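Report on the structure
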Amino acid sequence: QENEIDKCNIYYTPRLRVREFSNKDQIHICSFVKSREALLLVSGDSSDSLTPNILTNWISKAKVSLVISREPMNEPIGLCTLSQLEVDYIPASYIEICHLIINPTYRYMFIGPRLVREATFISREFGFRFICGRVVHNNRYGLILAKKQKFEEFTNTESWMPPGFRWFRLNLSAHQVEYKN
């Protein structure tokens, strides 16, 4: 027997919630990155996949670790961290958005932009002037996301930037982001 949703050909979109990382998220989040190539898109760590040790290291360096979860199961489907410890000599007015990863099943569902908006709001609340992020040259999705979120590219303009990345930033005092959870 068909249910009413199937008869009407309506697709269910899960309710999403942004929250802080908890240890019970670890297994789900590690499952998002299953290859060395995928890991290299979001990290300089060397492994065949995202491991609990690598994830724990990311979390330990973060000021905040954001998870977007699917309700009502509270299942994590995306993660990013905000850190000042990933790059030596990052100015005090900057915070870096790092390790933005999405469950591949939920790509193209605007999970990345939602995490970036939340991270931007939180960074402003903490009093940072800039939120920045680095993207490896072959991370097509990361490059598109940075541009769509109106980040300006500032690659090779600051002495503290590690080479080998394209760098993007957003001036938090110039852009207001409406908070919606």
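An account of the accompanying structure is given in this report. (Residues numbered from 1 in each chain as written. Predicted model: local features only at pLDDT ≥ 70, side-chain atom pairs only at ≥ 80, totals over all residues. Heavy atoms only, no water.)

Further remarks concern the state of the cysteines. One pass over the full model with this rule turns up zero disulfides. In this model Cys80 remains outside any disulfide bridge; the closest cysteine sulfur is found in Cys98, 8.8 Å from its own. Residue Cys80 is classed as buried on the basis of its relative accessible area of 0%. You can see Cys98 has no disulfide; the closest cysteine sulfur is in Cys132, sitting 7.7 Å from it. (Disulfide = S-S within 2.5 Å. Buried < 20%, exposed > 50% of the residue type's maximum accessible area, 1.4 Å probe, protein only.)

Okay, helix H6 (residues 140-148) next. Taken residue by residue, H6 has Gly142, Leu143, Leu145 and Ala146 as its buried positions. Down the axis of H6, the buried set is contained in an arc of 165 degrees. They therefore lie on one face. Along H6, the residues that are exposed and aim more than 90 degrees away from the buried face are Arg140 and Lys148. Where H6 is buried, its residues meet strand S4 (94-102), helix H5 (111-126), strand S5 (130-135) and strand S7 (166-171). A positive backbone phi angle near 70 degrees is found at Lys150, which sits one or two residues after H6. (Helix = DSSP H or I, 4+ residues; strand = E, 2+ residues; numbered from the N terminus. Arc of directions from axis to C-beta. Contact = heavy atoms within 4.5 Å.)

This paragraph deals with unusual backbone geometry. Peptide bonds are mostly trans, and most non-glycine residues show a negative phi. With omega at 5 degrees, the peptide bond leading from Glu71 into Pro72 counts as cis. When you line up the elements, Pro72 lands in the loop between strand S2 (62-71) and strand S3 (75-83). Positive phi, close to 50 degrees, is recorded for His99, a residue that is not glycine. Mapped onto the secondary structure, His99 falls in strand S4. Look at His99 and you get buried, because its relative accessible area is 9%.

A few words now on the layout of surface pockets. Taken as a whole, the largest pocket encloses approximately 1,200 Å³ of empty space. As for the largest pocket, its lining consists of 44 residues, of which Leu100, Asn139, Tyr141, Gly142 and Leu145 are closest to the centre. Contributions of two or more residues to the lining of the largest pocket are made by helix H3 (36-42), helix H4 (52-61), S4, H5, S5 and H6. When residues in the lining of the largest pocket are grouped by element, the largest group, seven residues, is from S4. Class assignment for the residues of the lining of the largest pocket results in 28 nonpolar, nine polar and seven charged. (1 Å grid on protein atoms, 1.4 Å probe; cavity = no way out; pocket = protein on both sides within 12 Å on 5 of 7 lines; lining within 4 Å. Points joined across faces, edges and corners; volume = space filled by probe spheres on them. Nonpolar A, V, L, I, M, F, W, Y, C, P; charged D, E, K, R; others polar.)

On to the environment of Arg36. Tracing the backbone shows Arg36 in helix H3. Sequence separation of Arg36 and Ser47 is 11 residues, and the distance between their C-alpha atoms is 5.9 Å. Other than its neighbours up to four places away in sequence, Arg36 contacts Ser46, Ser47 and Asp48.

On to the pairing of S4, then. Two faces make up the sheet, and in a regular strand the side chains alternate between them. Counting buried residues in S4 gives eight out of nine residues, a clear majority hidden from the surface. Relative to S5, S4 is paired through three bridges, and the arrangement is parallel. Considered in S5, the bridge of Ile95 is made with Ile131. What joins S4 to S5 is H5, and the crossover it makes is right-handed. (Pairing = 2+ DSSP bridges. Right-handed = clockwise from strand over helix to strand, strands pointing away.)

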